[in-house]
Amino acid sequence: FFSFHTIAEIVYNDGATYEGGWFEGDMHGQGLLVYNNSNTLTGEFKDGLIYNGEGICKLQSGGTYEGVYREGKIHGQGVYKDRKGFVYNGDCIEY
């Protein structure tokens, strides 16, 4: 069985792009994922998902979330800001 860990720049069929760590065919390690609708995720990836640790999600609507992810979901301390200036700073659970 052959496995490798490298840095990759991938363009998916739907137009999404990923630049960062790559292991056994999945996003793995530090990386940047840009969806075809311009939403972005920056942080630590594992098995193809944003995983444990901190990440930044910039939404096409202008909002942002910066904070903790657990097992691929928003979970823990974070800050959400919408484009109109509303700010929520606190705990977020499995979004």
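Higher on the page you've got the structure.
Below: a short report on this structure. (Residues numbered from 1 in each chain as written. Predicted model: local features only at pLDDT ≥ 70, side-chain atom pairs only at ≥ 80, totals over all residues. Heavy atoms only, no water.)

Here we look at the overall build of the protein
A count of helical and extended segments in the protein gives zero helices and eight strands. Going residue by residue from the N terminus, the α and β elements of the protein occur as β-β-β-β-β-β-β-β. For the protein, the spread of C-alpha atoms along the three principal axes comes to 50 × 25 × 15 Å. Counting every position in the protein, which comprises 95 residues, the buried fraction comes to 31%. By sequence separation, contacts in the protein at least 24 residues apart represent 2% of the contacts at least 6 residues apart. Accessible surface, the protein: about 6300 Å² in total, of which carbon and sulfur atoms supply 51%. Taking the average place of the 7 positive charges on the side chains of the protein and the average place of its 13 negative ones, the gap between the two points comes to 11 Å. (Helix = DSSP H or I, 4+ residues; strand = E, 2+ residues; numbered from the N terminus. Buried < 20%, exposed > 50% of the residue type's maximum accessible area, 1.4 Å probe, protein only. Contact = heavy atoms within 4.5 Å. Areas by Shrake-Rupley, 256 points an atom, 1.4 Å probe, with all protein chains shown as cover. Lys, Arg positive; Asp, Glu negative; His and termini not counted. Charge placed at Lys NZ, Arg CZ, Asp CG, Glu CD.)

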